[in-house]
Amino acid sequence: MSATADPDLVLGGRLRLHQPPRGSHRAGTDAVLLATLFRPRAGSVILDLGASSGLVGLACALRAPESRVVLVEREPALADLARRNIAENGLEDRVEVREADILAPAAVRREAGLAPDSADIVLTNPPFLEAGRHRPSPRDGKASAHSCEAGSLEAWLRTCADVARPGGRLGLIHRADALPACLDALGNRFGSLRVRPVHARAERPAIRILVSGVKGSRGPFRLLPPLVLEEGDGRFTPESAALHRGEGAAMEMGEAQ
């Protein structure tokens, strides 16, 4: 895969990220919000499922210097790009790539190195659209990143539950209208669910949801205050600007943990 010649600068320039060419699926604000969802504890094992070029996991590695991060990506070209970004940021000692299909049977995932009960934090951005319910992109990489077969969300989150250790935390981002499907798919696997709506501007409907949960918890559901990305003039709100710099944590702002 040809990539951008010059890397994008993320988290206030601390992360250098080579991305697929314009017109392909490229990491942006969704990935930044997912990467800044939590404040990882020292020594955490973090899995980025569906890592693409690696923004989420690499950002976590920078934010939690003692963590170990695994980028899980199915597409070989994107996995190679993620490896390039690991080297670009000098993180070879703490970040690795595993090529694996998240929707594959458990035995196949295990052979690819996705061990059960192995992660303290699992972060994921599942494909947003179901095949047959939208017009797919003519670009293969963009189409596979954005869509999946009907019913795949449940299987995707089942894999998240499989690799998270008991008491481990899940973080995901999805379309706002997918909230009911996400809650159904999480089922009894995760409790202490927190949902934070994300609005482009305060007066507009939510466009995304940030969801977190704890594997095996029986804690109650909570709906958190919204995250607004932009002011009326198009500038980032103070909270949004801080998150794009890698400061704070989107799921832990506004509520004591």
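Novice: Would you explain the overall build of the chain in this entry?
Specialist: When you go through the chain residue by residue, the secondary structure sums to 8 helices and 13 strands. Here the chain holds 257 residues, and the buried ones make up 51% of them. Of the contacts made within the chain by residues no fewer than 6 positions apart, 70% connect residues no fewer than 24 positions apart. For the chain, the exposed area adds up to about 11600 Å²; of that, 51% sits on carbon and sulfur atoms.

Novice: Even after reading the chapter, I still don't get the nonpolar core, so can you show me in this structure?
Specialist: Nonpolar side chains in soluble globular proteins generally cluster together in the buried interior. Of all hydrophobic cores here, the largest spans 38 residues; its most connected members are Leu55, Leu71, Leu123 and Leu210. Broken down by secondary-structure element, the contributors of at least two residues to this core are β2 (15-17), α1 (29-35), α2 (55-63), β4 (68-73), α3 (76-88), β5 (95-99), β6 (119-124) and β13 (227-230). Apart from residues no more than four positions distant in its own chain, Leu123 is found in contact with Leu34, Leu37, Phe38, Ile46, Leu47, Asp48, Leu49, Val56, Cys60 and Gly171. Residues Leu49, Ala119, Leu153 and Trp156 belong to the second largest nonpolar core, which totals 28 residues.

Novice: Quick question: what am I supposed to make of the packing of aromatic side chains here?
Specialist: The geometry of an aromatic ring pair is captured by two quantities: the separation of the ring centres and the angle between the planes. Counting across every chain of the model gives 0 aromatic pairs. For Arg169, the ring lying beneath its charged end belongs to Phe38, and the centroid distance is 4.0 Å.

Novice: Which parts of the structure should I look at to understand unusual backbone geometry?
Specialist: Most of the time, phi is negative for any residue but glycine, and the peptide bond is trans. Within the chain, Asp117 stands out as a residue other than glycine whose phi angle is a positive 55°. Looking at the secondary structure, you find Asp117 in the loop between α4 (106-111) and β6. Taking relative accessible area as the criterion, Asp117 reaches 45% and is therefore assigned partly exposed. Not every positive phi belongs to a glycine, and Ser192 is a case in point at roughly 50°. Given the relative accessible area of 16%, Ser192 is considered buried.

Novice: Is there a simple way to think about the side chain of Thr159 in this case?
Specialist: Along the polypeptide, Thr159 turns up in helix α6 (residues 152-163). Here the side chain of Thr159 touches Arg109 through a polar contact of 3.4 Å, side chain to side chain. The contact partners of Thr159, leaving out residues within four places of it in the chain, are Leu49, Ile102 and Arg109.

Novice: Would you mind going over helix α7 (residues 179-186) with me for this structure?
Specialist: One turn of the α-helix equals 3.6 residues, which is why residues spaced by three or four share an orientation. For α7, the complete set of buried residues consists of Cys182, Ala185 and Leu186. The arc that holds every buried residue of α7, seen down its axis, measures 100°, which confines them to one face. What points out from α7, more than 90 degrees from its buried face, is the exposed set Pro180 and Asp184. Summarising the contacts, the buried residues of α7 are in contact with α6, β9 (164-175), β10 (190-201) and β11 (206-215). Two residues or fewer after α7 comes Gly187, characterised by a positive phi angle close to 50°.

Novice: Please explain the packing of α6 against α7 as it appears in this structure.
Specialist: A pair of packed helices is characterised by two quantities: the angle between their axes and the separation of those axes. At a minimum axis separation of 9 Å, α6 and α7 run at an interaxial angle of 50°. The angle between α6 and α7 places the two elements in the oblique class. At the point where α6 passes α7, the crossing takes the right-handed sense. The residues of α7 that touch α6, namely those facing Leu153, Glu154 and Leu157, are Ala181, Cys182, Ala185 and Leu186.

The rules we used
- Along each chain, residue indices are assigned from 1 in the same order as the chain's sequence is written.
- The model is predicted, so local features are restricted to residues of pLDDT at least 70 and side-chain atom pairs to those at 80 or more, both for listing and for counting; the totals for chains, interfaces and linings are taken over all residues.
- Water and hydrogen atoms were dropped before computing side-chain values, which therefore reflect all heavy atoms in the structure.
- In this text, helices come from DSSP runs of H or I with a minimum length of four residues, and strands from runs of E with a minimum of two, each type numbered from the N-terminal end.
- To sort residues, take the accessible area from a 1.4 Å probe on protein chains only and compare it with the maximum for the residue type: under 20% means buried, over 50% means exposed, and anything in between is partly exposed.
- The contact criterion used throughout is that any non-hydrogen atoms of two residues lie within 4.5 Å.
- Calculation of accessible area relied on Shrake-Rupley with a 1.4 Å probe; when residues are assessed, cover is drawn exclusively from the protein chains displayed.
- Residues belong to a common nonpolar core when they are buried Ala, Val, Leu, Ile, Met, Phe, Trp, Tyr or Cys residues joined through side-chain atoms within 4.5 Å.
- Centres within 6.5 Å make a pair out of two Phe, Tyr or Trp rings, where for Trp the six-membered ring is used; the pair is then stacked when the planes are under 30 degrees apart, edge-to-face when over 60, and tilted otherwise.
- Sitting over a ring, as applied to charges here, requires NZ of Lys or CZ of Arg to be within 6 Å of the ring centre and within 35 degrees of the ring normal.
- Two N or O atoms form a polar contact when they lie within 3.5 Å of each other; inside protein one atom must be a possible hydrogen donor and the other a possible acceptor, and for residues adjacent in sequence the pair counts only when both atoms belong to side chains.
- Arc definition: it is the arc formed by the directions from the helix axis to the C-beta atoms.
- Note on method: axes are straight lines fitted to C-alpha atoms, helices fitted across the in-contact stretch only, with angles between N-to-C directions ranging 0 to 180 degrees.
- Should an angle fall under 35 degrees it is called roughly parallel, over 145 degrees roughly antiparallel, and 65 to 115 degrees roughly perpendicular, with every other angle called oblique.
- Helix crossings fall into two classes, left-handed where the near helix is turned counterclockwise from the far one by less than a right angle and right-handed where it is turned clockwise.

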